[in-house]
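Given next are the chains, with one letter for each unit.
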Amino acid sequence: MPSVFIKTYGCQMNERDSEAVSAQLVARGYTLAPSEAMADVVLLNTCSVRDLAEQKALGKMRSVIGNSRRARPGQIHGFLGCMAQSRGAELVEQMPGVDLVVGTQKLHRTGEYLDDLLARRRGKIVETGDEEGSQSEVRDHLVLSGSAETAPAQVSAFVSIMQGCNQHCTFCIVPATRGGERSRSIPEIVDECRRLAGRGVREVTLLGQIVTSFGKREIPVAEGRSAFVQLLDAVHAVDGLERIRFTSPHPKGYGDDLIEAFGRLPKLVESAHLPLQSGSDRLLKLMHRGYTLERYLGIVRRLRAVKPSIGVSTDIIVGFPGETEEDFARTMEACDEVLFDMAYVFKYSQRRDTPAATMEDQVPQETIEERHRKLLDRINAQGMAKYEALVGRTVEILVEGPSHRNAARLEGRTRCNKIVVFPGSPRHVGRVMDVRIERTGTFTLYGDPAIVNLDPSGDDDGVVTGAVETVGMSHR
Ligand code: SAH
Ligand code: F3S
């Protein structure tokens, strides 16, 4: 059977989509190739959020096509996902080696398209139309060999709960590439979580472009709880799951019901991603974000009142059109006030057909670079102190598997989403355990398994900070 290699750019939703496409292809008899050089089909699942992400995928495709001409002449090449959606047929026209373009609502049909291409039933295929119900098609997981009883093969899994976004922030291309908001049903999502828990999965991350808007139109508020909080309640009841995370939310979705859920649901970990984008009310309005800085700070305060140890991370854009020194100073001050655990700092990138792309006063590139560096330095400095404060403390971690940095050690995550590397044995994988933090590294804590459980509630989790300079759209 033909072999496939999929390379993924961008956010966790793209990772999840690639996994679902892989699972779908494996079910049709395709095999997964270990590298693009050994594959009959190479698919790039793309990101459009910033120009850099698009340029990377385009450059990669050029090199894959170039190599295949010499070494693998029959190789099939396809673009999937957001850039496929936004550029469509122009990708085939501009790159003669591209055979397939699959938009975000057609990903579940990738197998049919490949079958047609390989059997030469169709020539080049470009499919970027809308498809009703496509949000429910991101449901296949790669076959996991573990079980709840033996060591699990996978401890943490992504579950897609909704697709699309109606917020239309003026800088953002996502509403165009992912379409309008479409949610899956609660029973469908709970069923997927149950099956994952049955295979040994201990943690789920609920995914969507704006998860807090989940089911807003379809599921009425019940007993003061929004559809999203009702979903959290339902997933919380799944036996075998230990932890629930979600991303990406919108600050406007942090109503009292969600804040209260952090206090009420022990599986909902102390970690909140709260995209701020800017600390200037003037810019927040131009960005169409729908909140003021004061309202945003109020959410952080209320979350910390319920869970003092909660880890708060954010996304910030520097260099949005018209951003003055004054506006930028507001953003720096907002960071001083919140003291984020982690911030993804993005340089503003003009995206086609977005309102911000044609706004006046586009900020010069060198100013963007300068502000980006300044903000990163500030956030990193704030982070260092928090890292060090954790040394000597005991934190609860969920053990995920061998460390990515050193396979002789294990790696787990704190409830507030920080990686901890420690010496352990394979039997620890999938377990929730306490670890004493011995020292810190960059974005990594080093620990020793604790003999005495100092705080069984798990509330002893420390807060770690740090900024990440994002190159791809890699999230969290
Ligand atoms: N809710 C979505 C957001 C996607 S965009 C999700 O995470 O799935 C992620 C982040 O990219 C945004 O929060 C924003 O900070 C940044 N971003 C979006 N458009 C951008 C642009 N045109 N230039 C720079 N950064 C951008
Ligand atoms: Fe983009 Fe704003 Fe939605 S950042 S994904 S339009 S909430």
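Remember, predicted model here, so these are calculated numbers, not experimental data.

A.B. asks: What exactly am I supposed to notice about the sheet that holds strand 16 (residues 410–414) here?
C.D. replies: Each strand in a sheet pairs with its neighbour through backbone hydrogen bonds, running either in the same direction (parallel) or in the opposite one (antiparallel). With mixed pairing, 5 strands are arranged side by side around a closed barrel as 15-16-17-19-18. The mean angle between the axes of side-by-side strands here comes to 50°, regardless of whether they run parallel or antiparallel. Bridge count between strand 15 (residues 394–402) and strand 16: 5 bridges; the pairing is antiparallel. By the bridge assignment, glycine 401 is partnered in strand 16 with glutamate 411. Lying over the sheet, helix 13 (residues 365–390) contacts strand 15, strand 18 (432–441) and strand 19 (444–449), oriented at roughly 125° with respect to strand 18.

A.B. asks: Explanation requested: the environment of aspartate 191 in the structure shown.
C.D. replies: Residue position: aspartate 191 is located in helix 7 (residues 186–198). Expressed as a C-alpha distance, the spacing of aspartate 191 and valine 238, which sit 47 residues apart in the sequence, is 9.0 Å.

A.B. asks: I'm lost on the site of ligand 1 in this one. Help?
C.D. replies: Near ligand 1, the surroundings consist of 16 residues, among which Phe171, Gln209, Gln277, Asp315 and Ser349 are the closest. Here a nitrogen atom of ligand 1 and a backbone polar atom of phenylalanine 171 are 3.0 Å apart. In this structure, serine 349 approaches ligand 1 through a main-chain N or O atom, which is 2.8 Å from a nitrogen atom. Protein chains bury 92% of the 550 Å² of accessible surface belonging to ligand 1 in isolation. Those elements that place two or more of their residues in the shell around ligand 1 are strand 13 (311–318) and strand 14 (342–347).

A.B. asks: Any chance you could explain the pattern of salt bridges here in plain terms?
C.D. replies: Two side chains carrying opposite charge are able to pair once their charged atoms lie near each other. All chains considered together, the criterion is met by 40 salt bridges. The partner of arginine 264 in a salt bridge is aspartate 233, and the shortest N-O contact between them spans 2.8 Å. Placement of the pair is arginine 264 in helix 9 (residues 256–264) and aspartate 233 in helix 8 (residues 227–236), with a sequence separation of 31 residues. The partner of arginine 378 in a salt bridge is aspartate 336, with the nearest N and O atoms 2.7 Å apart. Taken together, the residues span a long stretch of sequence, with arginine 378 in helix 13 and aspartate 336 in helix 12 (residues 325–338) at a distance of 42 residues.

A.B. asks: Sorry, what's going on with helix 8 here?
C.D. replies: Residues spaced three or four apart along an α-helix face the same direction, because each turn holds 3.6 residues. In terms of burial, helix 8 is largely enclosed, as 9 of its 10 residues are buried. Looking only at helix 8, the buried set comprises Ala227, Phe228, Val229, Gln230, Leu231, Leu232, Asp233, Val235 and His236. Against the buried residues of helix 8 lie helix 7, strand 10 (203–207), strand 11 (243–247) and helix 9.

A.B. asks: Can you help me understand the packing of helix 9 against helix 11 (residues 293–306) in this one?
C.D. replies: Relative placement of two packed helices is described by the angle separating their axes and the distance separating the axes. In the contact formed by helix 9 and helix 11, the axes pass within 8 Å of each other and the chain directions differ by 25°. In terms of axis orientation, helix 9 runs roughly parallel to helix 11. Remark: the crossing between helix 9 and helix 11 carries right-handed chirality. Taking contact as the criterion, the partners of Asp256, Ile259, Phe262 and Gly263 in helix 9 are, on helix 11, Ile299, Arg302, Leu303 and Val306.

A.B. asks: What's the story with empty space enclosed by the protein in this structure? I'm lost.
C.D. replies: Empty space among the atoms can be located by rolling a probe the size of a water molecule over them. For the structure shown, the criterion picks out 3 cavities of 30 Å³ or more. Roughly 110 Å³ of internal volume is contained in the second largest cavity. In terms of lining, the second largest cavity is formed by 13 residues, of which the most central are Asp17, Leu107, His108, Glu137 and Val138. Among the elements that line the lining of the second largest cavity, the one with the most residues is helix 1 (residues 12–27), at 4 residues. For the lining of the second largest cavity, a count of residues per class yields 4 nonpolar, 6 polar and 3 charged.

A.B. asks: How should the pairing of strand 4 (residues 76–80) be read in this particular structure?
C.D. replies: Note on strand geometry: in a regular strand, side chains alternate between the two faces of the sheet. The element strand 4 is largely enclosed, with a buried count of 5 among its 5 residues. Residues Ile76, Gly78 and Leu80 of strand 4 are buried on one face, and the alternating residues His77 and Phe79, pointing to the opposite face, are buried as well. Pairing geometry for strand 3 (residues 41–46) and strand 4, over 5 bridges, is parallel. Paired with valine 41 across the bridge in strand 4 is isoleucine 76. When strand 4 meets strand 5 (residues 100–102), the two strands line up parallel, connected through 3 bridges.

A.B. asks: Explain the sheet that holds strand 11 here, please?
C.D. replies: The strand order across the open sheet built from 3 strands is 7-10-11, with neighbouring strands paired in parallel fashion. Both edges of this open sheet fall to strand 7 (156–160) and strand 11, since each of them pairs with a single strand only. Strand-to-strand twist across the sheet, computed as the mean angle between neighbouring axes with direction ignored, equals 25°. Its contacts with the sheet put helix 8 on strand 10 and strand 11, and the angle it makes with strand 11 is roughly 150°.

A.B. asks: I'm lost on the packing of helix 8 against helix 9 in this one. Help?
C.D. replies: Contact geometry of helix 8 with helix 9 gives a least axis separation of 9 Å together with a crossing angle of 15°. Our classification of the angle between helix 8 and helix 9 gives roughly parallel. Here helix 8 runs over helix 9; the crossing is left-handed. When helix 8 is examined against helix 9, the residues Phe228, Val229, Leu232 and Asp233 are found in contact with a partner set consisting of Asp257, Leu258, Ala261 and Arg264.

What counts and how
- Residue positions are counted from 1 within each chain, in the order its sequence is given.
- Following the order in which they are written, the chains are lettered starting with A and the ligands numbered starting with 1.
- Reporting in this predicted model follows two pLDDT cut-offs: at least 70 for local features of residues, and 80 or more for side-chain atom pairs to be given and counted; totals over whole chains, interfaces and linings ignore these cut-offs and use all residues.
- Only hydrogens and water are removed before side-chain values are computed, so all heavy atoms of the structure are retained for them.
- In this scheme, strands are said to pair when DSSP sees at least two bridges between them.
- Comment: elements are numbered from the N terminus, with helices defined as DSSP H or I runs of at least four residues and strands as E runs of at least two.
- Simply put, an axis is a line fit to the C-alpha atoms, just over the touching stretch for a helix, and the angle between two N-to-C directions goes from 0 to 180 degrees.
- It only takes one pair of heavy atoms within 4.5 Å for two residues to be counted as in contact.
- Nearness of a residue to a molecule or strand requires only that one of the residue's heavy atoms be within 4 Å of it.
- Any pair of nitrogen or oxygen atoms within 3.5 Å is treated as a polar contact; in protein, a donor-acceptor pairing is required on top of that, and neighbouring residues in sequence qualify only through side-chain atoms on both sides.
- Where accessible areas are quoted, they stem from the Shrake-Rupley method and a 1.4 Å probe; at the residue level, only the protein chains shown are allowed to cover.
- The term salt bridge refers to a pairing of a side-chain nitrogen on Lys or Arg with a carboxyl oxygen on Asp or Glu at a separation within 4 Å.
- Each residue gets one of three labels from its accessible area relative to the maximum for its type: buried under 20%, exposed over 50%, partly exposed in between, using a 1.4 Å probe on protein chains only.
- Roughly parallel covers angles under 35 degrees, roughly antiparallel covers those over 145, roughly perpendicular covers 65 to 115, and oblique covers all other angles.
- The handedness criterion is simple: a crossing whose near helix is rotated anticlockwise from the far helix by less than a right angle is left-handed, and one whose near helix is rotated clockwise is right-handed.
- Definitions used throughout: a 1 Å grid over protein atoms alone; a cavity as a set of points that fits a 1.4 Å probe which cannot get out; a pocket as an open set with protein on both sides within 12 Å along at least five of seven lines; a lining residue as one with an atom within 4 Å of a point.
- Grid points are joined across faces, edges and corners, and a volume is the space filled by probe spheres set on the points.
- Residue polarity follows a fixed list, in which Ala, Val, Leu, Ile, Met, Phe, Trp, Tyr, Cys and Pro are nonpolar, Asp, Glu, Lys and Arg are charged, and the others, Gly among them, are polar.

This is a description of form; function is not addressed.
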